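Residue-level listing of the chains:
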Amino acid sequence: MSNDTFIELSEVSKTYPTETFAGVKAVTTSIPKGKVVAIVGESGSGKSTMLKLIYGLLSPDEGMVLFKGEAILGPAEKLIPGHDSMKMVTQDFSLNTYAKVYENVASMLPNTDLKYKEEKSWAVMRFLRIDHLHNKRVSDLSGGEQQRVAIARAIITEPEVLLMDEPFSQVDTPLKTHLRADIRRLSHDLGITVILVSHDPVDGLSLADEIVVLNKGQVVESGSPEQLYNQPQNVYTAKLLADCNILKKEEAVKLGLRPLKDTVAIYPEWVELKRSWTSKSFILIDSFFKGNYEELLLERDHIRLRAINFHINHYKKGAAVPVVLDRFLEFYQTT
Ligand SMILES: Nc1ncnc2c1ncn2[C@@H]1O[C@H](COP(=O)(O)OP(=O)(O)OP(=O)(O)O)[C@@H](O)[C@H]1O
């Protein structure tokens, strides 16, 4: 392990005292500087545990967590837990809800230079577009606004790393887009390395430069969103990131595919719907309106597939839908 790497986890394991299974197990991965990294995985896969190990809120039972080549001190070795060059925004935001926005943000800086304190507080509030709320009490803000105040408090001291646990949990869909853009600006404009945990992998796909996939406390793979979406090495990743159709080899063969491995994954957008006759017709079981498209549930030989259809209401329930299948992923694992 070289000294010029940024954050490195090497064979890190952590089992909680009351548990028999490890929260994380033999995790080895590295986090590059200045990037947005999303840790994704099913509930209980160890995402929050990994975040706490990086921040120093937990000590590993085995292995090492290094920040710029130095071991991160755990709670037993540090009076105030948490690494000095990092800040963590938790789901509860830890704000003083009775105080105003400006006070919440400015109180993170010492009173040694009042001019700097005031200028910096305004700059950070402007960066996160909460300057117009400066005089409002935090208790009167929406969840999305409180989230931005929590981020402002975290970045005002210019940390090198910002850790975010489920940053989108209290934000509705339109605000998510703004918050994603804000998080990207933290890394791209300010150079902060952002490590976030999300139970919704779509957040990771649309925002992160790199994704780390956890399953049962272990890193199953990591890479860019495009790489993991288009060429996942595990059926777990394909299911997690794409909500894809999973077929056994025999089922895929019945549908005319020629897989070599045990499990086949077909993304709904790869189920090609044709307007004219094809040798493969499916029966439309149901359709689900999704706004600018509908999701079709199709069946043939007792095998069901979900497909995406942009010509809403073109197919009626019970009708034959001509389909072409020529793109699929295949895996040796069955789950
Ligand atoms: N304080 C704790 N004490 C005992 N077990 C814990 C504790 N925190 C987490 N665990 C266990 O460790 C495992 C990993 O939990 P963790 O919270 O890291 O997962 P997660 O992927 O963040 O889950 P979620 O998405 O549900 O928040 C789980 O089995 C969980 O029950």
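Keep in mind that this is a model prediction, so the values were computed, not measured.

About the criteria used
- Residues numbered from 1 in each chain as written.
- Predicted model: local features only at pLDDT ≥ 70, side-chain atom pairs only at ≥ 80, totals over all residues.
- Heavy atoms only, no water.
- Helix = DSSP H or I, 4+ residues; strand = E, 2+ residues; numbered from the N terminus.
- Buried < 20%, exposed > 50% of the residue type's maximum accessible area, 1.4 Å probe, protein only.
- Contact = heavy atoms within 4.5 Å.
- Areas by Shrake-Rupley, 256 points an atom, 1.4 Å probe, with all protein chains shown as cover.
- Lys, Arg positive; Asp, Glu negative; His and termini not counted.
- Charge placed at Lys NZ, Arg CZ, Asp CG, Glu CD.
- Near = heavy atom within 4 Å.
- Polar contact = N/O pair within 3.5 Å; in protein donor to acceptor, adjacent residues only side chain to side chain.
- Nonpolar A, V, L, I, M, F, W, Y, C, P; charged D, E, K, R; others polar.
- Domains from an automatic or database assignment.
- Buried area = accessible area lost by both parts, 1.4 Å probe.
- Salt bridge = Lys/Arg side-chain N within 4 Å of Asp/Glu carboxyl O.
- Core = buried A, V, L, I, M, F, W, Y, C linked by side-chain atoms within 4.5 Å.

**Some details on the overall build of the protein**
Summing up its helical and strand segments, the protein has 9 helices and 18 strands in all. The principal-axis extent of the C-alpha atoms belonging to the protein is close to 75 × 45 × 35 Å. Residues counted as buried form 46% of the 335 residues belonging to the protein. Long-range pairs, those at least 24 residues apart, make up 62% of the contacts in the protein between residues at least 6 apart in sequence. Accessible surface, the protein: about 16800 Å² in total, of which carbon and sulfur atoms supply 50%. For the protein, the separation between the mean place of its 40 positive charges and that of its 44 negative charges on side chains is 5 Å.

**As for the site of the ligand**
Around the ligand lies a shell formed by Tyr16, Thr18, Glu19, Gly23, Glu42, Ser43, Gly44, Ser45, Gly46, Lys47, Ser48 and Thr49. Note that an oxygen atom of the ligand is positioned 2.9 Å from one of the backbone N or O atoms of glycine 44. Glycine 46 places a main-chain nitrogen or oxygen 3.1 Å from an oxygen atom of the ligand. In isolation the ligand exposes 630 Å². Once the protein is present, 62% of that is buried. Residue composition of the shell around the ligand, by class: 1 nonpolar, 8 polar and 3 charged.

**A look at the domain arrangement of the protein**
Often, the extent of an interface is quoted as the loss of accessible area upon association of its parts. Looking at the assigned domains, one finds that the protein contains domain 1 (7-240) and domain 2 (244-331). Placing a centre on the C-alpha atoms of domain 1 and another on those of domain 2 gives a separation of 38 Å. Facing the 8 residues of domain 1 at the interface are 9 residues of domain 2. Both faces combined, the contact of domain 1 with domain 2 buries some 670 Å², and carbon together with sulfur accounts for 64% of it. Three residues stand out in domain 1 for area buried against domain 2, namely Tyr229, Val235 and Ala238, and they jointly supply 60% of the buried area on that side. The interface formed by domain 1 and domain 2 contains 0 salt bridges. Our count for the contact surface shared by domain 1 and domain 2 stands at 2 residue pairs in polar contact (both at pLDDT 80 or more). When contributions to the side of domain 1 that touches domain 2 are tallied by element, the ones reaching two or more residues are helix H7 (225-230) and helix H8 (235-242).

**Describing the nonpolar core**
Ranked by internal contacts, the top residues of the largest apolar core, which has 42 residues, are Val101, Ile155, Leu162 and Ile183. In this structure, isoleucine 183 is in contact with Val36, Met164, Pro167, Phe168, Val194, Leu196 and Leu207, ignoring residues within four places of it in sequence. Membership of the second largest hydrophobic core comes to 28 residues, among which are Ala242, Tyr267, Phe282 and Leu329.

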